[in-house]
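Spelled out, the chains give:
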Amino acid sequence: MLSTRVLDGRRISREIQEELRPRIDALRAKSRAPALAVVLVGSDPASQIYVRNKVKACQELGIRSLDVSRPASITNQELLALIQSFNIDPEVDGILVQAPLPKHVDAEKVVLAVDPSKDADGFHPFNVGMLVANRRGPRPCTPAGIIEMLMRYNIPIAGRRAVVVGRSDIVGKPMALMLMHENATVTVCHSRTRDLAGECRRAELLVVAMGKPAAITADYIKPGAVVVDVGMNRIAEEAEVKRLFSHEPSRIASFAKNGSALVGDVEPLAMQNLAGAYTPVPGGVGPLTIAMLMANTVALAEQHLRC
Ligand code: NDP
């Protein structure tokens with residue numbers, strides 16, 4: 001068996017957030033604390049947890065959070081008006097609208113409604129353009145966190161064969177661009193890729209963001225590769241949990257208590273046995289996303305307050 005390095009997203013997340021503290025203190029000393037508006041529409045339990053964690057991270061760092069909940073019945077017009085109220089509020093630096101939105105809401109219009117200079121998620125097409133051009137601007141938090149983690153672990157990216165599975169606007173596409181800007185040779189795979197296992201097996205750096213529990217098995221992993229598992233899937237089938245976590249009795253015990261288990265897109269045992277380094281689920285990519293949201297908010301506040 002190869003010796004494997006676990007990439008500890010919680011530790012890196014703490015490190016990133018600790019480094020933000022003096023910048024936040026400087027902003028407070030000069031003018032005021034950075035402020036993030038977090039908008040939650042409806043009552044999706046997973047979204048409620050994500051929002052709670054983001055607000056908690058703000059509180060711990062001394063970032064002011066404006067935590068606004070609206071019912072799923074909100075109209076497009078009402079939501080756009082709410083976003084506009086934050087756009088024109090000089091005390092607000094960042095705006096985040098938690099996805100997913102109810103079906104009747106025009107998500108595209110919502111992304112466009114956020115002022116690009118307050119776009120804490122980096123999803124506005126203006127900022128997507130800045131990413132494509134490799135110019136300064138808020139970056140989507142999940143891929144930005146992954147790059148930050150690879151750098152802090154001194155994992156080389158330049159010249160590496162990188163494969164990204166998934167091409168979503170929030171993870172796969174920006175991840176591929178960021179890896180390319182770091183001089184990796186990047187292949188992007190998706191549901192129409194002909195030989196996914198073959199493409200993945202060529203990867204020295206494999207980033208998987210498919211949203212398919214444990215879909216990437218041993219056949220997809222080049223021995224010694226760095227594997228970043230972005231997937232966060234909740235599964236409730238007992239037999240599947242027992243199969244996937246046969247080597248981790250604590251996970252099976254936790255399933256027995258909670259009735260569900262969190263699993264990534266990569267089969268845990270395959271990753272542990274084959275990868276040279278990998279991100280666990282949970283405790284890998286998830287915490288980095290929050291840290292980068294805090295970093296984006298602080299950077300936006302510095303621009304607004306000209307620090
Ligand atoms: P999307 O559903 O938006 O995108 C999934 C991508 O995977 C699509 O591009 C799709 O291809 C591709 N795909 C799906 N099935 C296959 C397949 N069988 N073979 C190859 N490609 C496939 O998901 P997201 O990018 O939003 O999220 C991906 C995962 O990451 C989810 O589990 C999500 O929960 C998690 N996530 C975790 C975060 C964190 O902080 N840890 C943050 C954000 C997401 P196509 O385009 O052809 O449909």
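Predicted model, so just to flag it, every value in this text is computed and none were measured. (Residues numbered from 1 in each chain as written. Predicted model: local features only at pLDDT ≥ 70, side-chain atom pairs only at ≥ 80, totals over all residues. Heavy atoms only, no water.)

Trainee: What's the story with helix 6 (residues 141-152) in this structure? I'm lost.
Mentor: Each α-helix turn comprises 3.6 residues. Residues three or four places apart therefore point the same way. Here helix 6 spans 16 Å end to end across 12 residues, near enough to the 16 Å set by a 1.5 Å rise per residue. Summarising burial for helix 6: 9 of the 12 residues are buried, a large majority. Those residues of helix 6 that fall on the buried side of the exposure criterion are Cys141, Thr142, Pro143, Ala144, Gly145, Ile146, Ile147, Met149 and Leu150. Asn154 occupies a position one or two residues after helix 6 and carries a positive phi of about 55°. (Helix = DSSP H or I, 4+ residues; strand = E, 2+ residues; numbered from the N terminus. Expected span 1.5 Å × (residues − 1). Buried < 20%, exposed > 50% of the residue type's maximum accessible area, 1.4 Å probe, protein only.)

Trainee: I tried to follow the sheet that holds strand 1 (residues 5-6) on my own but got confused; where do I start?
Mentor: Pairing between sheet strands relies on hydrogen bonds along the backbone, with the strands arranged either parallel or antiparallel. Overall, parallel pairing links the 6 strands, which are arranged 1-11-8-7-5-6 in an open sheet. Two strands lie at the open edges of the sheet, namely strand 1 and strand 6 (185-189), each paired on one side alone. Inspection of the sheet shows strand 7 (residues 205-208) paired to strand 8 (residues 226-229) by 4 bridges, in the parallel sense. Each residue of the ladder has a partner; that of Leu205, found in strand 8, is Val226. (Pairing = 2+ DSSP bridges.)

Trainee: So what exactly am I meant to see when it comes to the packing of helix 2 (residues 45-61) against helix 12 (residues 285-304) here?
Mentor: Helices that pack against each other are described as a pair by the angle of their axes relative to one another and the distance between those axes. Orientation of helix 2 relative to helix 12, taken along the N-to-C sense of each, is 55°, at an axis distance of 10 Å. The angle between helix 2 and helix 12 falls in the class oblique. Crossing of helix 2 over helix 12 shows right-handed handedness. Here Asn53, Lys54, Ala57, Cys58 and Leu61 of helix 2 lie close against helix 12, whose contacting residues are Ile290, Leu293 and Met294. Of the residues belonging to the contact of helix 2 with helix 12, the class tally is 6 nonpolar, 1 polar and 1 charged. (Axes fitted to C-alpha atoms, helices over the stretch in contact; angles between N-to-C directions. Parallel < 35°, antiparallel > 145°, perpendicular 65-115°, else oblique. Left-handed = near helix turned anticlockwise from the far one by under 90°. Contact = heavy atoms within 4.5 Å. Nonpolar A, V, L, I, M, F, W, Y, C, P; charged D, E, K, R; others polar.)

Trainee: Explanation requested: the domain arrangement of the protein in the structure shown.
Mentor: Interfaces are often sized by the amount of accessible area the parts lose when they come together. Under the domain assignment used here, the protein contains domain 1 (32-115) and domain 2 (140-286). Just the C-alpha atoms count here: the centres of domain 1 and domain 2 sit 28 Å apart. (Domains from an automatic or database assignment.)

Trainee: I would appreciate a short explanation of the site of the ligand in the present structure.
Mentor: The environment of the ligand is made up of 20 residues, and the closest members are Arg167, Ser168, His190, Ser191 and Thr289. Between the ligand and Met232, the relevant distance is 3.0 Å, taken from an oxygen atom to a main-chain nitrogen or oxygen of the residue. In this structure, an oxygen atom belonging to the ligand sits 2.8 Å away from a side-chain N or O atom of Thr289. Relative to its unbound accessible surface of 930 Å², the ligand loses 70% to contact with the protein. Ranked by residue count, the leading element in the shell around the ligand is helix 12, at 3 residues. Residues of the shell around the ligand, tallied by class, amount to 8 nonpolar, 10 polar and 2 charged. (Near = heavy atom within 4 Å. Polar contact = N/O pair within 3.5 Å; in protein donor to acceptor, adjacent residues only side chain to side chain. Areas by Shrake-Rupley, 256 points an atom, 1.4 Å probe, with all protein chains shown as cover.)

Trainee: Would you mind going over the nonpolar core with me for this structure?
Mentor: Counting residues in each nonpolar core, the largest one holds 55 residues, and the members touching the most others are Leu36, Leu150, Leu179, Val228 and Met294. Counting residues per element, this core draws most heavily on helix 12, which supplies 11 residues. Taken together, domain 1 (32-115) and domain 2 (140-286) each give at least three residues to this core, which thus spans both. Other than its neighbours up to four places away in sequence, Leu36 contacts Cys58, Ile63, Arg64, Ser65, Leu66, Gly94, Ile95, Leu96, Ala120, Leu293, Met294 and Thr297. (Core = buried A, V, L, I, M, F, W, Y, C linked by side-chain atoms within 4.5 Å.)

Trainee: In this structure, what is going on with the side chain of Asp121? I would like to understand it.
Mentor: If you trace the backbone, Asp121 turns up in the loop between helix 4 (107-113) and helix 5 (125-132). Although Asp121 is buried, it forms no salt bridge, and the closest oppositely charged side chain is Lys54 at an N-O distance of 5.5 Å. Apart from residues lying up to four places away in sequence, Asp121 is in contact with Leu96, Arg139, Pro140, Cys141 and Leu293. (Lys, Arg positive; Asp, Glu negative; His and termini not counted. Salt bridge = Lys/Arg side-chain N within 4 Å of Asp/Glu carboxyl O.)

Trainee: So what exactly am I meant to see when it comes to the layout of surface pockets here?
Mentor: In this approach, a probe sized like a water molecule rolls over the atoms, and the result shows the empty space that is left. Of the voids in this model, the second largest pocket is the one considered here, and its volume is about 380 Å³. What lines the second largest pocket is a set of 17 residues, and nearest its centre among them are Arg23, Met292, Ala295, Asn296 and Ala299. If you list the elements that add at least two residues to the lining of the second largest pocket, you get helix 1 (9-30), helix 6 and helix 12. Of the residues contributing to the lining of the second largest pocket, the split by class is 8 nonpolar, 3 polar and 6 charged. (1 Å grid on protein atoms, 1.4 Å probe; cavity = no way out; pocket = protein on both sides within 12 Å on 5 of 7 lines; lining within 4 Å. Points joined across faces, edges and corners; volume = space filled by probe spheres on them.)

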